[in-house]
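Now for the letters of each chain:
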Amino acid sequence: MPNKPSVNQIGSSRRSFIRTGILGAASAWISKDILFAGTNRVVPPLSSLDQDWKQIRSQFILKKGMTYMNNASLGMPPLPVVKAVQNGYESISNEPLHGKHDLQAIIKDKVIPGLADTFGADSDEIVLTRNASEALHIQALSFNLKRGDEVIITTQEHPAGLKPWMLRKKKEGVRVKQVFIPSPLTDQSDVLNRIESALTRRTKAISFCHVTRGGHLYPVKALAAMAKEKGLFTLVDGAQAIGQFPLNLHELGCDAYAVSLHKWVLAPAGTGFLYIRKGARDRFRSPFETNPTTDAPGFDPPGTKDFPLRAAIGAALDFMNQIGWENVETRCRYLSDYLKDGLKQIDGVTLLSGGNDTISAPGSTIFEKEGLDALEAVPIFEDKIKTHIDEHQRDGHNAIRVSTHIYNNTAEIDRLLNIL
Ligand SMILES: Cc1ncc(COP(=O)(O)O)c(C=O)c1O
């Protein structure tokens, strides 16, 4: 099996700890009132080695003997998040009216400002949604376009990044051009060149994933800068990106960004958000409001919300902020590098994740193995080594996707490599 690289991150742990001071204070309030009944505080890890992640791993309640390596489909929330959801439901069951008001206050005063603070946005640029698909639909359906205007997307979009545009094409005559992007990516400039050379005088926006379902990492900052220079808008699908590495939406420079919080951020299933940059707001029109204004743009889907889930986003943020996002990224890279090194030594395996960190996200690794059908292989891994992975039969591949997060370890990866 490959050598385990040693990464000393004491400096970055300390930085992350200091950086999270504001949110720490916010979650102390949450914890006192409702969310953190009796859970342990997380100690930031000193390195990426398994031994320094034991305390964090102990916060996950996966069935003994099981291994979960399918985080790109659905994240596995740690115990504080599970308890926060439970506490939230208890509060609306014990005293529905006050429980609801308390949870609404947590969401408004703590969760949304916490998300804004953590991910480099302003609170009024964030609207909570149930998932990335809902956010992607609002994002695409709200963007002002007239018949004949064009939007550039890629061949690697998730259906939720494709369908709302197809709807607009059918109903409104908007032109949708899909640019072919090869898998694996060759380099950042290839992605940039392919998208840039597809632009025409009709193009009004570009829309693509920050990280694709296969774990390919797009150069969002460069794409947004290129689009801005040409007076175009950049609408991003961040479902697979948020939570794998530090993310600052203002610095990224895009106009809209849609996310799931139930994947890499480890928040409860059924949580996400849509970011619309304040300066770009006038270009979007609410699909819900008859009279939206700049101050009340009306992007929030109407109706009763899943308050306990949304309030529990605070517990996930607190958990991850205590660890520190640089530490999360380095740990994820450590595990996927370990996996990739092992895969390279197995006959008949073709690694399909890009060759370096600028084009490959930290958490998801895809590969094919000669003679192995990915769809058939998934239940075999569960049966033989009690390990959950996923298939990736898209982008022309018959691939297996292994998505590892901070809670995995090298022994689990060794088991997977051995059976391969
Ligand atoms: C790239 C990408 N976009 C969007 C989605 C949809 O996310 P959600 O299930 O949160 O709607 C996914 C889900 O796997 C995804 O991988």
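Residues numbered from 1 in each chain as written. Predicted model: local features only at pLDDT ≥ 70, side-chain atom pairs only at ≥ 80, totals over all residues. Heavy atoms only, no water.

### Here we look at the packing of aromatic side chains
Here's step 1: Taken as a whole and assessed by the stated rule, the structure comprises seven aromatic pairs.
Here's step 2: Cluster of aromatic residues (ring-pair linked, three or more members): Phe 60, Phe 319 and Tyr 407. (Phe/Tyr/Trp six-rings, centres within 6.5 Å; stacked < 30°, edge-to-face > 60°.)

### Thoughts on the sheet that holds strand S9 (residues 349-351)
Here's step 1: Spatial ordering of the open sheet is given by S9-S10-S13-S12, a layout of four strands whose pairing is antiparallel. Two strands bound the open sheet, and with one partner strand each, they are S9 and strand S12 (390-392). When the angles between neighbouring strand axes are averaged without regard to direction, this sheet yields 35°.
Here's step 2: Strand direction decides the pairing type here: S12 and strand S13 (residues 399-403), joined by three bridges, are antiparallel. (Pairing = 2+ DSSP bridges. Helix = DSSP H or I, 4+ residues; strand = E, 2+ residues; numbered from the N terminus. Axes fitted to C-alpha atoms, helices over the stretch in contact; angles between N-to-C directions.)

### Some details on the side chain of Ser 142
Here's step 1: Tracing the chain through its elements places Ser 142 in helix H6 (residues 132-142).
Here's step 2: For Ser 142, the residues in contact, after removing those within four places along its chain, are Arg 168, Arg 283, Phe 284, Arg 285, Pro 287 and Phe 299. (Contact = heavy atoms within 4.5 Å.)

### Observations concerning the packing of helix H4 (residues 79-94) against helix H12 (residues 313-323)
Here's step 1: With their axes 8 Å apart at the nearest point, H4 and H12 run at an angle of 160° to one another. In terms of axis orientation, H4 runs roughly antiparallel to H12. Note that H4 runs across H12; the crossing there is right-handed. The segment H4 lies against H12, with Pro 80, Val 81 and Ala 84 engaging Ala 315, Ala 316 and Phe 319. (Parallel < 35°, antiparallel > 145°, perpendicular 65-115°, else oblique. Left-handed = near helix turned anticlockwise from the far one by under 90°.)

### Side note on the pattern of salt bridges
Close approach of charged atoms allows side chains with opposite charge to pair.
Here's step 1: Applying the stated rule across the entire model yields 18 salt bridges.
Here's step 2: In this structure, Arg 175 engages Glu 150 in a salt bridge whose closest nitrogen and oxygen atoms are separated by 3.9 Å. Taken as a pair, Arg 175 in strand S4 (residues 175-179) and Glu 150 in strand S3 (residues 150-154) lie far apart in primary sequence, 25 residues in all.
Here's step 3: We classify Arg 175 as partly exposed; its relative accessible area is 38%.
Here's step 4: Asp 390 is the partner of Arg 401 in a salt bridge, and the nearest nitrogen-oxygen pair spans 3.3 Å. Of the two residues, Arg 401 sits in strand S13 while Asp 390 sits in strand S12, which places them eleven residues apart along the sequence. For the pair shown, Arg 401 and Asp 390 are each scored as buried. (Salt bridge = Lys/Arg side-chain N within 4 Å of Asp/Glu carboxyl O. Buried < 20%, exposed > 50% of the residue type's maximum accessible area, 1.4 Å probe, protein only.)

### Looking at the domain arrangement of the protein chain
Here's step 1: Taken domain by domain, the protein chain consists of domain 1 (108-314) and domain 2 (327-419).
Here's step 2: The distance between the C-alpha centroids of domain 1 and domain 2 comes to 27 Å.
Here's step 3: The interface is formed by 21 residues belonging to domain 1 together with 25 residues belonging to domain 2.
Here's step 4: Both sides together, the interface formed by domain 1 and domain 2 hides about 1,800 Å², and carbon and sulfur atoms give 57% of it.
Here's step 5: The largest per-residue losses of area from domain 1 upon contact with domain 2 belong to Arg 213, Gln 244 and Trp 264, which jointly make up 32% of the total buried on that side.
Here's step 6: Run the count over domain 1 and domain 2 and you get zero salt bridges.
Here's step 7: Scanning the region where domain 1 abuts domain 2 turns up seven residue pairs in polar contact (both at pLDDT 80 or more). (Domains from an automatic or database assignment. Buried area = accessible area lost by both parts, 1.4 Å probe. Polar contact = N/O pair within 3.5 Å; in protein donor to acceptor, adjacent residues only side chain to side chain.)

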